[in-house]
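Chain and residue survey
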Amino acid sequence: MDCRESALLVSVLLLALDLCSAQNYVLSDDGGLGRVFDGIGGLSGGGATSRLLVSYAEPYRSQVLDFLFKPNFGASLHILKVEIGGDAQTTDGTEPSHMHYENDENYYRGYEWWLMKEAKKRNPNITLIGLPWAFPGWVGHGKNWPYDYPDVTATYVVNWILGAKQYHDLDIQYVGIWNERSFDNKYIKLLRYTLDKSGLERVKIIASDNLWEPIAFSLLLDPELSTAVDVIGAHYPGTTTITEALKTQKKLWSSEDYSTFNNEVGGGCWARILNQNYVNGQMTATISWNLVASYYEDLPFGRDGLMTAEEPWSGNYVVESPIWITAHTTQFTQPGWTYLQTVGHLAQGGSYIALTDGKGNLTVVIETMTHNHSVCIRPPLPPFNVTSQNATFQLKGSFASIKELQVWRSQFDFKTSKASFFEKLKPLKLVDGLFTLNLAEDEVYTLTTISTGSKGSYPDPPPSAPFPKVYKDDFDVRNPPFSEAPYFADQTGVFEYYINLTDPGPHVFTLRQVLTERPITWATDADQTISADTHTHKIYIYVYIFSPPCYIVILYRVDKGGQSIRSAKGVFFWVFADGTYKVTNDLVGETVLAEGQSGTEVYGWYTLSLTVKGQYASGSLNGYPLWKNAVVLTPKAGWAAIGTRSFELAQFDNFALVAE
């Protein structure tokens, strides 16, 4: 044998070895199908995560909404889950309740109604879910617990569902039950009874919308409870479930998941769990917390949304990688499709799922995300390995006759940052139902008979820009589209537009803190009410002091918000109804920088001014200096804000921020 013959033999052997190294996977419906697919969604709330979106000007606000909800454009979400506002801090802010008090009902507060209608406008078939994370204080009758009076709580929740239909023509399809502590199953049964009695038999219950247990055990032991519950929802399940949940034969959902910074590792996290929530845990829906990162980034869990829209003043937004990872599934499936039983893990790491509409269509989604490039914020991710591999798929059963598949690919690139997302490739021709893919690490593929997918786009939005150096708001809005003023993000308490018809002077239209009772919440909120704006150097505002004990505060360089607000530091300028003032370096008031007489009285308007330059702070009342050059060493930066010392009525007008 000469050298040329020897080389030829070696090349033939190498080719044969390469073909043999391709692992074979069968996709078939011969043995029946798996569970019914319920969709992929996003979560607005828990809390106030879409707060800044409503303040965007057109066309940018509509563009963001299109990337989220418009079919065959961007994420094309199947599900929108919203917070049933409870007047309380629930992570990044407060969302207003439809019932501040027992005899109060208003179904136009907040922005979730608007968001649901915008989603429905784009996708009439979108599934709508409501979940209360918190409740107004009156629901608990003085206790920080909403389930001691289950009839009151059930009526409160059902009223929100009825209001959604009556005032906004929105059909809520699911309602969740959630709390950090366990609760009496009596409430679930009573909620089911109250829904049915109100003509809402179509509304289904998700329980516990938090953990697999103890609800799964309870459902197996209590037939009446099992009849009441339609879905077991888990938060951050780590792609796994428990045996007892499977035994219930209920739908299993990851009803809150992701919660990860939306860079490419966040996109990798989302790609992995969208597949493996079903492969490992038989979960048929996955919902991202959160829908869109439209809250100040320095709040807890900044940029943990599918995309980012946190600058309404500039119009800038960013379509992040999770949008296109979502599209790999949502644009080529619909709720009601069914998973094949032949899904699983790839031999060299990664996973694949397959779904069908039962009418001959097939969609296959493959991910090969490596461990370090797909870590979610929670729970801890056990080690695993993924390497490049060849994978051969054999279509059998009703899919054996498929001759061509559309191909979409996303390639993460953590070395050169030249990733490509949701790229349409040439259709793949099948021979005898076979196709082979050379899969690299950190890729996502969709192979599908559906040909309507598209990667939507708009001209680039305006560039990112800092908050305006001068910002003013006189709150003079006769018919406000939303109950909150632009850019204000309530952290504790609820600040709403207010029309003071008894005031013949200049303060008819104001902003008012409306709560007088502490709400029920799991979060570590503050005893004080606070609504935060963005960074600045000087604050001016008119304030109205009600009856004692009324304490009004304007704040600067506030360094913490959201569920961390209680430990916030900054410059806090308090004026009291007893004619005194105090300046503190922290929200709880332990570090006093200055104090003295202010001459303030009840039932009067006052102009407060707070100026901070470098490490020196000064304050005045009605133009008269009360204190000068208090030394503020820390923090160096933070939010401006307004608020009250406790849950009490107060009015604010003619707000101004000036940066020098």
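Residues numbered from 1 in each chain as written. Predicted model: local features only at pLDDT ≥ 70, side-chain atom pairs only at ≥ 80, totals over all residues. Heavy atoms only, no water.

Brief notes about the packing of helix α9 (residues 264-279) against helix α10 (residues 321-330)
- The geometry of α9 relative to α10 is characterised by a closest axis approach of 8 Å and an angle of 20° between their N-to-C directions. Relative to α10, the element α9 lies roughly parallel. Relative to α10, α9 is oriented so that their crossing is right-handed. Of the residues in α10, those touching α9 at E264, G267, W270, A271 and L274 are S321, P322, I325 and T326.
- Split into classes, the residues belonging to the contact of α9 with α10 amount to five nonpolar, three polar and one charged. (Axes fitted to C-alpha atoms, helices over the stretch in contact; angles between N-to-C directions. Helix = DSSP H or I, 4+ residues; strand = E, 2+ residues; numbered from the N terminus. Parallel < 35°, antiparallel > 145°, perpendicular 65-115°, else oblique. Left-handed = near helix turned anticlockwise from the far one by under 90°. Contact = heavy atoms within 4.5 Å. Nonpolar A, V, L, I, M, F, W, Y, C, P; charged D, E, K, R; others polar.)

A short note on the UniProt feature "domain: Glycosyl hydrolase family 59 central" (unreviewed entry) in the protein
- The feature "domain: Glycosyl hydrolase family 59 central" (unreviewed entry), as given by UniProt, occupies residues 339-453 in the numbering adopted here.
- Annotated as 0% helix and 46% strand, the span residues 339-453 places its first and last C-alpha atoms 20 Å apart. (UniProt positions renumbered as here; feature names shortened; annotations may be inferred.)

Some remarks on the pattern of salt bridges
- Evaluation of the coordinates by the stated rule reveals 20 salt bridges.
- Between D171 and R202 there is a salt bridge; the shortest N-O distance is 3.5 Å. Remark: R202 occurs in the loop between α5 (185-197) and β7 (204-207) and D171 occurs in the loop between α4 (150-168) and β6 (174-177); sequence separation between them is 31 residues.
- A residue is classified by how much of its surface remains accessible, and R202, at 37% relative accessible area, is partly exposed.
- Here the salt bridges do not stand alone but share partners, grouping D66, E118, K121 and R122 into one network. (Salt bridge = Lys/Arg side-chain N within 4 Å of Asp/Glu carboxyl O. Buried < 20%, exposed > 50% of the residue type's maximum accessible area, 1.4 Å probe, protein only.)

With respect to α9
- The end-to-end C-alpha distance of α9 is 23 Å, a good match for the 22 Å that 16 residues give at a rise of 1.5 Å each.
- The axis of α9 is deflected most strongly, by about 25°, at I273.
- For α9, the buried fraction is high: 14 of the 16 residues fall into the buried class.
- Two or three places before V265, at the opening of α9, N263 has a side-chain oxygen 3.2 Å from that residue's backbone nitrogen. (Expected span 1.5 Å × (residues − 1). Bend = angle between axes of the 7 residues up to and from the residue. Polar contact = N/O pair within 3.5 Å; in protein donor to acceptor, adjacent residues only side chain to side chain.)

A short note on the packing of aromatic side chains
- Across all of its chains, the model carries 44 aromatic pairs by this definition.
- Here the aromatic rings of W145 and Y147 are separated by 5.2 Å at their centres, their planes lie at 80°, and the arrangement is edge-to-face.
- Look at F467 and Y487: their rings are 5.5 Å apart centre to centre, the planes differ by 80°, and that puts the pair in the edge-to-face class. Separated by 20 residues along the polypeptide, F467 in the loop between β21 (443-448) and β22 (470-473) and Y487 in the loop between β22 and β23 (489-492) bring together distant segments of the chain. (Phe/Tyr/Trp six-rings, centres within 6.5 Å; stacked < 30°, edge-to-face > 60°.)

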